[in-house]
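This is what each chain is made of:
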Amino acid sequence: MSCRIYLDHAATTEILPQVKEAMEPYLMEEFGNASTAYGMGQETRNAIEQARERIAGIMDAQPEEIYFTSGGSESDNWVIKNVAGEKKNLGKHLITCKIEHHAVLRSCQYLEQLGYEVTYLDVDSYGQVSPEQVLSALREDTTLVSIMTGNNEIGTIEPIGQIGEALRKRGIAFHTDAVQAVGQIPISLRRLPVDYLSASAHKFHGPKGVGFLYMRKNKGLSSFIHGGSQEKGKRAGTENVAGIVGMAEALSISTKEMHQVRPRLIRLRNYFVERLLHEIPQVRLNGHPYKRLPGNVNISISGVDATSLLVLLEEEGICASAGSACNTGQTRISHVIEAIGVPEDYAPGTVRFTMGRQTDKRQIDETVDCLKRCVTLLRET
Ligand SMILES: *Cc1c(COP(=O)(O)O)cnc(C)c1O
């Protein structure tokens with residue numbers, strides 16, 4: 001069944017027509033392997049390096065600091081596992097927080113099985129971690145801190161700048177999973193004091209299965225995939241050329257149009273939240289009221305089961321999500337909702353609506369009207 005009203009942009013986004021156009025030559029005529037010496041391979045190599053320069057330019061970084069990966073999960077795994085491994089003689093302690101994406105949390109759990117220790121910081125009721133909390137969790141043997149930029153479920157934006165500044169003074173490596181933030185909010189790696197940053201193309205209207213990892217020049221990182229000499233030997237494997245070219249185009253468009261899209265989405269989000277809180281009894285907004293990703297609305301509705309609600313919404317052509325997409329099929333309360341302490345009678349009724357560049361006021365009005373009917377129906381049964 002197709003979505004008439006797609007409100008799940010945090011799960012994935014559609015490829016823009018210009019992105020598809022930019023990719024097409026590299027799926028068809030320009031199929032040369034970038035590692036070959038003849039002209040055809042050179043064409044491909046140039047396309048990859050141009051994409052790297054474009055992305056670096058947009059992110060205020062150097063091209064040598066951008067490494068192409070298969071997406072957010074790979075970038076997160078790479079940093080966490082390899083920083084831990086490289087520095088194991090200095091210490092085996094890492095710090096992260098309880099509301100990270102599973103790509104971070106499960107990489108940390110894997111390290112725990114190997115004998116590492118991980119501190120999972122609590123968050124406040126808005127889902128925020130404070131720089132003081134991070135500092136007081138630091139130990140002699142801490143080698144990495146990983147705190148996300150924007151949360152994929154509740155949209156809360158973390159004080160990454162302040163945390164990074166505090167860590168830089170102590171010389172501790174700092175990684176941020178910025179998969180939900182890149183292309184949505186302004187990020188300058190010249191100003192932001194992070195050493196590693198993960199991003200994924202399909203969250204900003206690029207193709208799936210491609211992303212990048214930023215590594216600050218003086219930091220580096222050992223190889224994640226061993227094999228050929230692609231990505232300076234750190235991430236072997238014939239490059240996903242079309243994906244890389246598409247990602248650069250998508251990031252360029254998202255960034256160029258951010259000054260229009262972002263304020264519009266913030267207004268629409270505030271309108272959406274206002275209507276929900278006023279027109280449906282016993283609803284609460286999860287996440288920070290304004291330090292949140294532009295298109296994110298996450299609510300908990302008392303006395304309603306999210307899975308049943310989503311089925312009713314889908315019958316009306318409205319696609320949304322219960323917490324994170326990775327948890328579909330499970331009615332389990334998400335780790336994020338648990339960590340921010342949503343009351344028991346509200347937690348099972350948690351739904352996430354994430355708007356994108358195509359979302360308009362008419363769709364939001366229709367969604368609110370539909371929600372009102374569905375909630376009444378579910379509360380009656
Ligand atoms: C989507 C997402 C990921 C995973 O990215 P993929 O490219 O799908 O592997 C990681 N972290 C966050 C915060 C995400 O939203």
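Shown above is the structure to which this text applies.
My aim in this report is to walk through the structure given alongside it, one point at a time. Per chain, residue numbering runs from 1 following the sequence as it is written. With pLDDT at 70 or above as the cut-off, local features in this predicted model cover only qualifying residues; side-chain atom pairs require 80 or more to be listed or tallied, and sums for whole chains, interfaces and linings still use all residues. Excluding hydrogens and water, the side-chain values take into account all heavy atoms of the structure.

**Things to note about the packing of helix α2 (residues 39–59) against helix α7 (residues 241–256)**
Here is step 1 of the chain: Lines fitted to C-alpha atoms define the axes, with helix axes restricted to the stretch in contact, and inter-axis angles between N-to-C directions lie between 0 and 180 degrees. Going along the chain from the N terminus, every DSSP run of H or I of four or more residues is numbered as a helix, and every run of E of two or more is numbered as a strand. Two numbers describe how α2 lies on α7: the axes approach to 9 Å, and their chain directions differ by 30 degrees. In terms of axis orientation, α2 runs roughly parallel to α7. Relative to α7, the crossing made by α2 is left-handed. Here T44, A47, I48, A51, R54, I55, I58 and M59 of α2 lie close against α7, whose contacting residues are V241, I244, V245, M247, A248, E249, L251, S252 and T255.
Here is step 2 of the chain: Residues are grouped as follows: Ala, Val, Leu, Ile, Met, Phe, Trp, Tyr, Cys and Pro are nonpolar; Asp, Glu, Lys and Arg are charged; every other residue, Gly included, is polar. For the contact of α2 with α7, the per-class residue count stands at twelve nonpolar, three polar and two charged. Put simply, angles under 35 degrees are roughly parallel, angles over 145 are roughly antiparallel, angles from 65 to 115 are roughly perpendicular, and the rest are oblique. A clockwise turn of the near helix away from the far one marks a right-handed crossing, whereas an anticlockwise turn of less than a right angle marks a left-handed crossing. Contacts between residues were defined by any pair of non-hydrogen atoms, one from each residue, lying within 4.5 Å.

**A closer look at the site of the ligand**
Here is step 1 of the chain: To be near a molecule or strand, a residue needs just one of its heavy atoms within 4 Å of it. As a matter of local geometry, the ligand sits amid 13 residues, with S73, D177, Q180, S200 and K203 nearest to it.
Here is step 2 of the chain: Within 3.5 Å is the distance limit for a polar contact, defined as a pair of N or O atoms, with the added protein rule that one can donate a hydrogen and the other accept it, and that residues adjacent in sequence qualify only through two side-chain atoms. The contact in question runs from an oxygen atom of the ligand to an N or O atom on the side chain of S73, over 2.7 Å.
Here is step 3 of the chain: For the ligand, whose free accessible area comes to 380 Å², the fraction covered by protein is 87%.
Here is step 4 of the chain: If you tally residues by element for the shell around the ligand, the top one is helix α3 (residues 72–86), at three residues.
Here is step 5 of the chain: The class makeup of the residues in the shell around the ligand is two nonpolar, eight polar and three charged. Accessible surface area values rest on a Shrake-Rupley calculation with a 1.4 Å probe, where residue burial reflects the displayed protein chains alone.

**Looking at the pattern of salt bridges**
Here is step 1 of the chain: When a carboxyl oxygen of Asp or Glu is within 4 Å of a side-chain nitrogen of Lys or Arg, the pair counts as a salt bridge. Following the criterion strictly, the structure yields 22 salt bridges and no others.
Here is step 2 of the chain: Here K20 and E24 are joined by a salt bridge, their closest N and O atoms 3.3 Å apart. With a gap of four residues between them, K20 and E24 both fall in helix α1 (residues 17–27), about one helical turn apart.
Here is step 3 of the chain: For E24, a relative accessible area of 34% gives the class partly exposed. Type-normalised accessible area, obtained with a 1.4 Å probe on protein chains alone, sets the label of each residue: buried when under 20%, exposed when over 50%, and partly exposed for intermediate values.

**Here we look at unusual backbone geometry**
Here is step 1 of the chain: Residues other than glycine seldom take positive phi values, yet D60 does so here, at roughly 60 degrees.
Here is step 2 of the chain: Within the secondary structure layout, D60 lies in the loop between α2 and β2 (66–69).
Here is step 3 of the chain: According to the relative accessible area criterion, D60 is partly exposed, its value standing at 27%.
Here is step 4 of the chain: Phi at H205 is positive, roughly 70 degrees, even though this residue is not glycine.
Here is step 5 of the chain: For H205, the position within the fold is in the loop between β7 (196–200) and β8 (211–215).
Here is step 6 of the chain: You can call H205 buried: its relative accessible area is 6%.

**Remarks on the sheet that holds strand β12 (residues 350–354)**
Here is step 1 of the chain: For two strands to be treated as a pair, DSSP must find at least two bridges joining them. As summarised here, the arrangement of the three strands in space is β9-β10-β12, forming an open sheet in which the pairing is antiparallel. Whereas interior strands pair on both sides, the edge strands pair on one side only; in this sheet they are β9 (283–285) and β12. Direction aside, neighbouring strands of the sheet carry axes that sit 25 degrees apart on average.
Here is step 2 of the chain: Judged from the five bridges that link them, strand β10 (residues 296–301) and β12 form a sheet pairing that is antiparallel. Directly across from I299, in β12, lies its bridge partner V351.
Here is step 3 of the chain: Helix α8 (residues 258–279) contacts β9, β10 and β12 of the sheet and is inclined by roughly 10 degrees relative to β10.
Here is step 4 of the chain: Against the sheet, helix α9 (residues 306–315) contacts β10 and β12, and its axis sits at roughly 40 degrees relative to β12.

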